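Given next are the chains, with one letter for each unit.
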Amino acid sequence: MRKNNREDDSLKPAPFAYRRARTTEEAVALLGEKDARLLAGGQSLIATLNMRLSSPALLIDINGVGGLGGTVHKNGKIEIGALVRHAQAERSELIVKYAPLIARALPHVGHAAIRNRGTLGGSIAFADPAAELPACLLALEGEVEATGPSGKRTIRAQDFFQGLFETALGSQDVLTAIRFPAATKDTRVGFAELARRHGDYAIVGLAACARADGKRLSDVRLAFFGVGATPVRARRAEAALAGGDVDAAVAALDLVPQDDVQATAKVKTHLAGVLLRRVAKQLMEERA
Ligand SMILES: Cc1cc2nc3c(=O)[nH]c(=O)nc-3n(C[C@H](O)[C@H](O)[C@H](O)COP(=O)(O)OP(=O)(O)OC[C@H]3O[C@@H](n4cnc5c(N)ncnc54)[C@H](O)[C@@H]3O)c2cc1C
């Protein structure tokens, strides 16, 4: 075990020990140690360490764990390994073809340098309420696969995001993959966000998918982000949009955002309506 044991303030992060896990099981076992945290792409975690917003005693580097870096299409589903980088996913033909919502959202995640290192598993596990990918997973009615001390389990996206940066993962769980239905020829997707600058976290965003049913939409799913502690489905608006009435869908929006550093609740509510109109147009006019 290597230890950064400088107790002075000459380094940005507080001292921590560092271990490299080779298997998921080893990572799970190491998570049993006091104050341990997984390190994936480091694009969120290292920033919080450097600002001393967190000071874990042990960092468990999972970048060398085998089997977490692939994307597969099987049984009508797309499964993306936790260690797939955002940039890799952007270049994946499978994702472009069968996960068009994710493909549309990815360019909005930070900047290219962040996407080169950041992982899809890290984005989902970190569960930032203004992040794009958790909302996509919710809109896709996807699921998360996790391994913990009792073995593997699957958690539905709707049960996974539980609060501000809070998920259904236990303290010894490793998120190993995300999974969701592969797009078919009837799938329609929509994505839009408003951010101060491209690459910033969104003030408000919307990830959506639906099924084209003749000239109508069915199975409409709208997942907003930046409007609450978790990504949120706007179910009344979904029903109105399935009825083909965009004005009614906007009127039915029942989001309850809070003021934050980016915007007031009133501004966010207004912007959510603007985004809904944009995304409704995408769903109605574009094929995935
Ligand atoms: C300037 C800047 C701008 C950014 N803008 C955006 C943005 O617009 N949208 C956005 O979504 N993100 C943004 N990010 C965050 C970026 O997307 C991160 O890469 C991502 O949130 C975390 O992925 P990571 O692999 O880097 O995880 P890490 O930083 O390594 O880890 C993040 C957290 O998740 C945990 N974790 C990681 N992997 C796993 C796993 N497999 N199982 C269980 N727990 C795990 C870690 O323990 C840690 O608590 C930005 C970051 C920066 C620095």
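The following paragraphs examine the structure supplied in this document. Everything quoted here is computed from the prediction, not taken from an experiment. (Residues numbered from 1 in each chain as written. Predicted model: local features only at pLDDT ≥ 70, side-chain atom pairs only at ≥ 80, totals over all residues. Heavy atoms only, no water.)

## So, the nonpolar core
A general trend in soluble globular proteins is that nonpolar side chains are found buried together.
Step number 1: In terms of nonpolar packing, the biggest core is built from 40 residues, with I102, I124, I178 and F180 touching the most fellow members.
Step number 2: Take this core: its biggest share by element is six residues, from helix α8 (residues 132-139).
Step number 3: Those residues in contact with I102, other than ones at most four positions away along the chain, are I95, L133, C136, L140 and F180.
Step number 4: Core analysis: the second largest hydrophobic core is formed by 29 residues, L206, A249, A263 and V279 among them. (Core = buried A, V, L, I, M, F, W, Y, C linked by side-chain atoms within 4.5 Å. Buried < 20%, exposed > 50% of the residue type's maximum accessible area, 1.4 Å probe, protein only. Helix = DSSP H or I, 4+ residues; strand = E, 2+ residues; numbered from the N terminus. Contact = heavy atoms within 4.5 Å.)

## Overview of helix α12 (residues 265-285)
Step number 1: Across its 21 residues, α12 extends 30 Å between first and last C-alpha, which sits within 8% of the 30 Å expected from 1.5 Å per residue.
Step number 2: Buried residues of α12: A265, K268, L271, A272, G273, L275, L276, V279, A280, Q282 and L283, and no others.
Step number 3: Close packing links the buried residues of α12 with α5 (100-105), β12 (187-194), β13 (204-213), β14 (216-225), α10 (235-242) and α11 (246-251). (Expected span 1.5 Å × (residues − 1).)

## What about the sheet that holds strand β8 (residues 151-156)?
Step number 1: Pairing is antiparallel in the open sheet, where five strands are placed in the order β5-β6-β11-β7-β8. Looking at which strands have only one partner, the edges of the open sheet turn out to be β5 (71-74) and β8. Sheet twist, expressed as the average angle between the axes of neighbouring strands with direction ignored, equals 25°.
Step number 2: By the bridge criterion, four bridges tie β5 to strand β6 (residues 77-81) in an arrangement that is antiparallel. Counted as the bridge partner of H73 is I78 from β6. (Pairing = 2+ DSSP bridges. Axes fitted to C-alpha atoms, helices over the stretch in contact; angles between N-to-C directions.)

## Concerning the sheet that holds β13
Step number 1: What the four strands build is an open sheet, ordered β12-β13-β14-β15; its pairing is antiparallel. For this open sheet the edge positions go to β12 and β15 (232-233), each flanked by a neighbour on one side alone.
Step number 2: Bridging between β14 and β15 involves two bridges; their strand directions are antiparallel. The partner of A223 across the bridge, within β15, is R233.
Step number 3: Of the strands in this sheet, β14 and β15 are in contact with α10, which crosses β14 at around 150°.
Step number 4: α12 contacts β12, β13 and β14 of the sheet and is inclined by roughly 150° relative to β12.

## With respect to the packing of aromatic side chains
Step number 1: Counted under the stated rule, the structure contains three aromatic pairs.
Step number 2: Between F126 and F165, the ring centres sit 5.1 Å apart and the planes meet at 55°, which makes this aromatic pair tilted. Of this pair, F126 sits in helix α7 (residues 120-126) while F165 is found in the loop between β9 (161-163) and β10 (166-167), placing the two residues 39 residues apart along the sequence.
Step number 3: Among the residues examined, F165 registers a relative accessible area of 42% and is labelled partly exposed.
Step number 4: For the ring pair F160 and F161, a centre distance of 5.0 Å and an interplane angle of 90° mean the geometry is edge-to-face.
Step number 5: With a relative accessible area of 0%, F160 lands in the buried category. (Phe/Tyr/Trp six-rings, centres within 6.5 Å; stacked < 30°, edge-to-face > 60°.)

## With respect to the site of the ligand
Step number 1: Surrounding the ligand, one finds 30 residues, the nearest of these being L38, G42, Q43, L45 and T119.
Step number 2: A distance of 2.7 Å separates an oxygen atom of the ligand from a polar atom in the backbone of Q43.
Step number 3: S44 has a polar backbone atom sitting 2.9 Å from an oxygen atom of the ligand.
Step number 4: In the complex, 88% of the free accessible area of the ligand, which totals 960 Å², lies under the protein chains.
Step number 5: Judged by the proximity of its atoms to the pocket grid, the ligand belongs to the largest pocket.
Step number 6: Contributions of two or more residues to the shell around the ligand are made by β3 (36-39), α7 and β11 (174-181).
Step number 7: Per element, the largest residue contribution to the shell around the ligand is four residues, and it comes from α7.
Step number 8: For the shell around the ligand, the per-class residue count stands at 15 nonpolar, twelve polar and three charged. (Near = heavy atom within 4 Å. Polar contact = N/O pair within 3.5 Å; in protein donor to acceptor, adjacent residues only side chain to side chain. Areas by Shrake-Rupley, 256 points an atom, 1.4 Å probe, with all protein chains shown as cover. 1 Å grid on protein atoms, 1.4 Å probe; cavity = no way out; pocket = protein on both sides within 12 Å on 5 of 7 lines; lining within 4 Å. Sits in = over half its atoms within 2 Å of the grid points. Nonpolar A, V, L, I, M, F, W, Y, C, P; charged D, E, K, R; others polar.)

By themselves, these observations are geometric and do not establish any function.
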